[in-house]
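# Descriptive structure summary
Here is what each chain is made of, one letter per residue.
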Amino acid sequence: MTAYVIMIRERITNPEEMAIYAGLAPKARGDNPPRPLAFYGDKAALEGEEADGIVILEFDDMAHARNWHGSPAYQEAMKHRQLGADYRVLLVDGVKPA
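Quantities reported herein were computed from a predicted structural model and do not represent experimental measurements. (Residues numbered from 1 in each chain as written. Predicted model: local features only at pLDDT ≥ 70, side-chain atom pairs only at ≥ 80, totals over all residues. Heavy atoms only, no water.)

### What to know about the overall build of the protein chain
If you tally the helices and strands in the protein chain, you get three helices and four strands. Reading the secondary structure of the protein chain in the N-to-C direction produces β-α-β-β-α-α-β. Principal axes of the C-alpha set define a box for the protein chain whose edges measure 45 × 35 × 15 Å. Burial status across the protein chain gives 31% buried among its 98 residues. In the protein chain, once contacts between residues fewer than 6 apart in sequence are set aside, the share between residues at least 24 apart is 78%. For the protein chain, the accessible surface area stands at approximately 6,400 Å², while carbon and sulfur atoms represent 55% of it. (Helix = DSSP H or I, 4+ residues; strand = E, 2+ residues; numbered from the N terminus. Buried < 20%, exposed > 50% of the residue type's maximum accessible area, 1.4 Å probe, protein only. Contact = heavy atoms within 4.5 Å. Areas by Shrake-Rupley, 256 points an atom, 1.4 Å probe, with all protein chains shown as cover.)

What follows is the structure in structure tokens.
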């Protein structure tokens with residue numbers, strides 16, 4: 001079943017680290033790359049606090065999403081994301097088709 005990684009950026013704290021992340025993250029796509037559904041586009045908070053940026057990535061299933069997130073290439077990139085901004089990163093299972 002399809003799974004989604006939702007990355008919510010609250011604030012950038014170090015633009016230089018985010019630039020390093022931006023250069024490394026695309027190299028972490030692997031054999032089954034995520035499909036971007038939303039990528040820092042226009043947004044509006046309908047309820048709760050506004051986010052600085054939002055990314056939604058689609059994967060074939062939870063296992064592929066976890067493999068991408070846990071891959072050595074993404075783990076290296078993630079270090080710079082964590083040094084460069086405050087994020088919430090969520091993994092959610094999709095809905096089974098009727």
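### Quick look at helix H1 (residues 15-24)
All buried positions along H1 are accounted for by Glu17, Met18 and Tyr21. Projected down its long axis, H1 carries its buried residues within an arc of 100°, all on one side. Those residues of H1 that are exposed and aimed more than 90 degrees away from the buried face are Pro15, Glu16, Ala19 and Ala22. Each element contacted by the buried residues of H1 is listed here: strand E1 (3-12), helix H3 (72-84) and strand E4 (85-93). (Arc of directions from axis to C-beta.)

### Quick look at the nonpolar core
In terms of nonpolar packing, the biggest core is built from 16 residues, with Val5, Met7, Tyr21, Leu57, Phe59, Trp68 and Tyr74 touching the most fellow members. For this core, the secondary structure elements donating two or more residues are E1, H1, strand E3 (53-59), helix H2 (62-70), H3 and E4. Setting aside its immediate chain neighbours within four residues, Met7 contacts Tyr21, Gly53, Ile54, Val55, Leu57, Tyr74, Arg81, Tyr87, Arg88 and Val89. (Core = buried A, V, L, I, M, F, W, Y, C linked by side-chain atoms within 4.5 Å.)

### What to know about the side chain of Arg81
Topologically, Arg81 is positioned in helix H3. Despite its burial, Arg81 remains without a salt bridge, the nearest opposite charge being carried by Asp86 at 8.8 Å. For Arg81, the contacting residues outside a window of four places in its chain are Met7, Met18, Tyr21, Tyr74, Tyr87 and Val89. (Lys, Arg positive; Asp, Glu negative; His and termini not counted. Salt bridge = Lys/Arg side-chain N within 4 Å of Asp/Glu carboxyl O.)

### Considering the packing of aromatic side chains
The relative placement of two aromatic rings is captured by the distance of their centres and the angle of their planes. The tally for this structure, following the rule as stated, stands at four aromatic pairs. Relative to Tyr40, the ring of Phe39 has its centre 5.2 Å away and its plane inclined at 80°; by these criteria the two rings are edge-to-face. Taking relative accessible area as the criterion, Tyr40 reaches 30% and is therefore assigned partly exposed. Look at Trp68 and Tyr74: their rings are 4.3 Å apart centre to centre, the planes differ by 35°, and that puts the pair in the tilted class. (Phe/Tyr/Trp six-rings, centres within 6.5 Å; stacked < 30°, edge-to-face > 60°.)

### Considerations on the packing of H1 against H3
Relative orientation of the contacting elements H1 and H3 amounts to 155°, with a least axis distance of 7 Å. Comparing their axes, H3 and H1 come out roughly antiparallel. As H1 packs across H3, the resulting crossing turns out to be left-handed. Contact residues: Glu17, Met18, Ile20, Tyr21 and Leu24 in H1; Tyr74, Glu76, Ala77, Met78, His80, Arg81, Leu83 and Gly84 in H3. (Axes fitted to C-alpha atoms, helices over the stretch in contact; angles between N-to-C directions. Parallel < 35°, antiparallel > 145°, perpendicular 65-115°, else oblique. Left-handed = near helix turned anticlockwise from the far one by under 90°.)

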